[in-house]
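What follows is each chain in one-letter form.
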Amino acid sequence: MAEIISIENVTKKFDTIFALENVSLSIERGKIYGIIGRNGSGKTVLFKLIAGYLKPTSGRIVVSGKEIGKDTDFAGNIGLIIESPGFLKGYTGFKNLSYLASIRNVIGKEEIRKSMEKVGLDPDSNKKVGKYSLGMKQRLGIAQAIMENPDILILDEPMNSLDHQGVEEIRGILKRLKDEGKTIILASHNKEDIEILCDEVYELNRGRLETHDSQTACMTRRNF
């Protein structure tokens, strides 16, 4: 499969602290990649670097043939859930997504409706987001990530706050998106999510990606 993301010798420092150190990774189109590691290991920093929200101290990141920070400031074909999704509490879910969609103005109401229905939310509901449960907010975040039909999804703990049924539904959605050719990078503390969903798994440990050899660096479902 063709490479869609190339991370080459990337280091990110905040003052004198290394958040990531000399990280390299090749992401192929149409696979689900799991990134595991303890809190503070650098997962969220890596995700923000790929999206262009942060710039590396050294090294380079290329997404769909464009170097972030050189050819483009932000990767335009990525859907994101990083940390807790932030929405306007006084608006409905549909109105929140409509407002966000208006920024780039590349989709209409029908795409928004379909993205909400895909994650089990009613686009016609008058319920304000401020009254949503944590699980409903997480579903809305996933709907936001997929509504513009991106090639790449970067999902930081996408199953947080979902009940068992919700987790099963979101797993099914991610599998279908993979079947459609989407590339998904997933962080989860849930071992079962990683085992069920991911084609390849990498571990970040204190800012270093442990890729010493093909068996220990890239763990499969079988040996995670």
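Parameters and conventions
- Residues numbered from 1 in each chain as written.
- Predicted model: local features only at pLDDT ≥ 70, side-chain atom pairs only at ≥ 80, totals over all residues.
- Heavy atoms only, no water.
- Helix = DSSP H or I, 4+ residues; strand = E, 2+ residues; numbered from the N terminus.
- Buried < 20%, exposed > 50% of the residue type's maximum accessible area, 1.4 Å probe, protein only.
- Contact = heavy atoms within 4.5 Å.
- Areas by Shrake-Rupley, 256 points an atom, 1.4 Å probe, with all protein chains shown as cover.
- Lys, Arg positive; Asp, Glu negative; His and termini not counted.
- Charge placed at Lys NZ, Arg CZ, Asp CG, Glu CD.
- Patch = residues over 30% accessible without salt bridge, like charges linked within 9 Å, V, L, I, M, F, W, Y side chains within 5 Å.
- Salt bridge = Lys/Arg side-chain N within 4 Å of Asp/Glu carboxyl O.
- 1 Å grid on protein atoms, 1.4 Å probe; cavity = no way out; pocket = protein on both sides within 12 Å on 5 of 7 lines; lining within 4 Å.
- Points joined across faces, edges and corners; volume = space filled by probe spheres on them.
- Pairing = 2+ DSSP bridges.
- Axes fitted to C-alpha atoms, helices over the stretch in contact; angles between N-to-C directions.
- Polar contact = N/O pair within 3.5 Å; in protein donor to acceptor, adjacent residues only side chain to side chain.
- Parallel < 35°, antiparallel > 145°, perpendicular 65-115°, else oblique.
- Left-handed = near helix turned anticlockwise from the far one by under 90°.
- Nonpolar A, V, L, I, M, F, W, Y, C, P; charged D, E, K, R; others polar.

(A) Up close: the overall build of the chain. Each helix and strand counted, the chain has 6 helices and 10 strands in total. Burial analysis of the chain (224 residues in total) assigns 47% to the buried set. In the chain, of all internal contacts separated by at least 6 residues, the share reaching a separation of at least 24 is 65%. Roughly 11,600 Å² of accessible area belongs to the chain as shown, and the carbon and sulfur atoms make up 45% of that amount. Looking at charge distribution, the chain has the averaged site of its 33 positive side-chain charges lying 4 Å from that of its 31 negative ones.

(B) A look at a negative patch on the surface. Taken together, the side chains of Glu110, Glu111, Glu117 and Asp122 present a region of like negative charge at the surface. For glutamate 110, the position within the fold is in helix H3 (residues 109-118).

(C) How the structure looks around the layout of surface pockets. Considered as a void within the structure, the largest pocket measures approximately 690 Å³ in volume. Forming the boundary of the largest pocket are 28 residues, of which Tyr53, Ile78, Gly79, Leu80 and Gln144 lie nearest the centre. Mapped onto the lining of the largest pocket, the elements with two or more residues apiece are helix H1 (43-51), strand E6 (78-81), helix H2 (93-104) and helix H4 (134-146).

(D) Seen up close, the sheet that holds strand E10 (residues 208-209). On the basis of which strands lie adjacent, the open sheet formed by 6 strands has the order E6-E7-E8-E3-E9-E10 and mixed pairing. Each edge of the open sheet carries a strand with a single partner, namely E6 and E10. Pairing of strand E9 (residues 200-205) with E10, which is carried by 2 bridges, proceeds in the antiparallel orientation. What sits directly across from asparagine 205, in E10, is arginine 208. Where H4 meets the sheet, its contacts fall on E6 and strand E7 (152-156), and the angle it forms with E6 comes to roughly 165°.

(E) Inspection of the environment of serine 125 at higher detail. Relative to the assigned elements, serine 125 resides in the loop between H3 and H4. Judged by its relative accessible area of 28%, serine 125 is partly exposed. Of the polar contacts made by the side chain of serine 125, one reaches the backbone nitrogen of lysine 127; its length is 3.1 Å.

(F) Spotlight on a nonpolar patch on the surface. There is a patch of nonpolar side chains on the surface, built from Leu88, Tyr91, Tyr99 and Ile103 and spanning about 410 Å² of accessible area. Looking at the element boundaries, isoleucine 103 is found in helix H2.

(G) Geometry of the packing of H3 against H4. Running from N to C, H3 and H4 cross one another at 135°; their axes reach a closest spacing of 8 Å. In this view, H3 runs oblique relative to H4, as classed from their interaxial angle. Where H3 crosses over H4, the two elements pack in a sense that is right-handed. Here H3 contributes Ser115, Met116 and Lys118 to the contact with H4, which in turn contributes Leu140, Ala143 and Ile146. Class assignment of the residues belonging to the contact of H3 with H4 gives a composition of 4 nonpolar, 1 polar and 1 charged.

(H) Structural context of the sheet that holds strand E5 (residues 66-67). Within the open sheet, the 4 strands sit side by side as E2-E1-E4-E5. Their pairing is antiparallel. Looking at the sheet topology across the chains shown, the edges are occupied by strand E2 (17-28) and E5. Bridging between strand E1 (residues 3-14) and strand E4 (residues 58-63) involves 5 bridges; their strand directions are antiparallel. Within E4, the residue paired with serine 6 across the bridge is valine 62. Most of the contacts of H1 go to E1, to which it runs at about 120°, and overall it touches E1, E2 and E4.

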